[in-house]
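This is what each chain is made of:
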Amino acid sequence: MPRQFFDNLDLTILHALSSNARTPYLEIARDYGVSGAAVHQRVQRLIANKVIVGSHCNIDPETIGFTTLAYVGLNLLPDTDFDSVLEGLEAIPEVTECHLVTGPYDLLVRLEAHDNHHLFELVQKQLRPLGLARTETLLSFREVFKRPLPITNE
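Quick summary incoming for the structure in this document.

What counts and how
Each chain carries its own residue numbering, running from 1 in the direction its sequence is written. It should be noted that, the model being predicted, local features are given only for residues of pLDDT at least 70 and side-chain atom pairs only at 80 or more, the latter also being counted only at that level, while totals for whole chains, interfaces and linings use all residues. To obtain the side-chain values, all non-hydrogen atoms of the structure were included, while hydrogens and water were left out. Secondary structure follows DSSP: runs of H or I at least 4 residues long count as helices, runs of E at least 2 residues long count as strands, and numbering of each begins at the N terminus. Every radius of gyration here is taken over C-alpha atoms, with the globule rule written as 2.2 Å times N^0.38, N being the number of residues. Each residue's exposure class comes from its accessible area (1.4 Å probe, protein chains only) as a fraction of the maximum for that residue type: buried when under 20%, exposed when over 50%, partly exposed otherwise. Note on definitions: a residue-residue contact is assigned when non-hydrogen atoms from the two residues lie within 4.5 Å. Note on areas: Shrake-Rupley with a 1.4 Å probe; residue coverage comes only from the protein chains shown. Two residue types count as positive, namely Lys and Arg, and two as negative, namely Asp and Glu; His and chain ends fall outside the count. We put the charge of a Lys on NZ, of an Arg on CZ, of an Asp on CG and of a Glu on CD. Paired strands, in this sense, are two strands between which DSSP finds at least two bridges. Axes here refer to lines fitted to C-alpha atoms; in helices the fit is confined to the stretch in contact. Angles between the N-to-C directions go from 0 to 180 degrees. An expected span of 1.5 Å times one less than the residue number is assigned to each helix. Picture the helix axis, draw a direction to every C-beta atom, and the arc is the one those directions span. When a carboxyl oxygen of Asp or Glu lies within 4 Å of a side-chain nitrogen of Lys or Arg, that pair is called a salt bridge.

**Quick word on the overall build of the chain**
Within the chain, the regular secondary structure consists of 5 helices and 4 strands. Secondary structure of the chain in N-to-C order comes out as α-α-α-β-α-β-β-α-β. Over its C-alpha trace the chain gives a radius of gyration of 20 Å, far above what one expects of a compact globule, namely 15 Å for 154 residues. A buried classification covers 31% of the 154 residues belonging to the chain. The contacts of the chain with a sequence gap of at least 6 include a subset with a gap of at least 24, amounting to 66%. Split by element, the accessible area of the chain, about 10,600 Å² in all, is 55% carbon and sulfur. If the 13 positive side-chain charges of the chain are averaged to one point and the 20 negative ones to another, these points end up 7 Å apart.

If you want it as structure tokens, here you go:
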């Protein structure tokens, strides 16, 4: 898809919604001096153009009992069916991200677990049977920051 360029209202909307997806359209409209309908129409256009591809609610994993975050590099066995591995990973609820990567791994997954024991069980009983030659697990002690991409016309 070609890179898109935005006018000042688009940029205002994108900055507001990427900072807080629950920002009311009327609040954005007041800040920019346009009608709520104008903001609504712009948001619908940004959705139609696949600039905005969703919104979500962030839940702190620890508050629901997931205290261990790990990134696991996966190496597949030589004759493993790639698509079946992806389907298997998608079926594991604790796998919250999966990336096809370059470097020493075939795939990199983000895994949320209740504790180290739960993490061990997930790796040994759910990941390895998918056809993995080896895994490498990196524990995250704490997420230092996470931010949206900068949105500019540069």
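Now, onward.
**Topic: the side chain of aspartate 10**
On the secondary structure map, aspartate 10 appears in helix 1 (residues 8-19). Given a relative accessible area of 3%, aspartate 10 falls into the buried group. The contact partners of aspartate 10, leaving out residues within four places of it in the chain, are Arg42, Arg45 and Leu46.

**Here we look at the sheet that holds strand 2 (residues 95-100)**
Strand pairing in a sheet takes place through backbone hydrogen bonds and is either antiparallel or parallel in direction. Taken in spatial order, the 4 strands of this open sheet run 2-3-1-4, and their pairing is antiparallel. If you trace the sheet from one side to the other, it starts and ends with strand 2 and strand 4 (132-140), each paired once. Pairs of neighbouring strands in the sheet enclose a mean axial angle of 20 degrees, with direction left out of account. Here 8 bridges tie strand 1 (residues 68-76) to strand 4, and the two strands are oriented antiparallel to one another. Each bridged residue has a counterpart across the sheet, and for alanine 70 the counterpart in strand 4 is leucine 139. Most of the contacts of helix 5 (residues 116-127) go to strand 3 (residues 107-113), to which it runs at about 135 degrees, and overall it touches strand 1, strand 2, strand 3 and strand 4.

**Describing helix 3 (residues 36-48)**
For helix 3, which comprises 13 residues, the first-to-last C-alpha distance of 18 Å matches the rise-based estimate of 18 Å (1.5 Å per residue) to within 8%. Listed in full, the buried residues belonging to helix 3 are Gly36, Val39, Val43 and Leu46. One face of helix 3 carries all of its buried residues, which in axial projection span an arc of 85 degrees. Facing away from the buried side of helix 3 by more than 90 degrees, the exposed set consists of Gln41 and Ala48. Check the buried side of helix 3 and you find it contacts helix 1 and helix 2 (25-32). Immediately downstream of helix 3, the backbone of lysine 50 shows phi near 60 degrees, a positive value.

**Re the pairing of strand 2**
Looking along a regular strand, one sees the side chains alternate between the two faces of the sheet. With 5 bridges connecting them, strand 2 and strand 3 associate as antiparallel partners. Residue pairing in the sheet places cysteine 98 in a bridge with valine 109 of strand 3. A loop of 6 residues connects strand 2 with strand 3, the two strands running antiparallel in sequence, and glycine 103 in this loop sits at a positive phi of about 105 degrees.

**Observations regarding the pattern of salt bridges**
This structure, assessed with the given rule, holds 6 salt bridges. A salt bridge links aspartate 10 to arginine 45; its shortest N-O distance comes to 2.7 Å. Remark: arginine 45 occurs in helix 3 and aspartate 10 occurs in helix 1; sequence separation between them is 35 residues. Across the pair glutamate 121 and lysine 125 runs a salt bridge, and its minimum N-O distance is 2.8 Å. Here lysine 125 and glutamate 121 lie together in helix 5, a separation of 4 residues that amounts to about one turn. According to the relative accessible area criterion, lysine 125 is exposed, its value standing at 58%. Residues joined by salt bridges that share partners form a network here, namely Asp7, Asp10, Arg42 and Arg45.

From the geometry alone we can't say anything about function, so treat these as descriptive.
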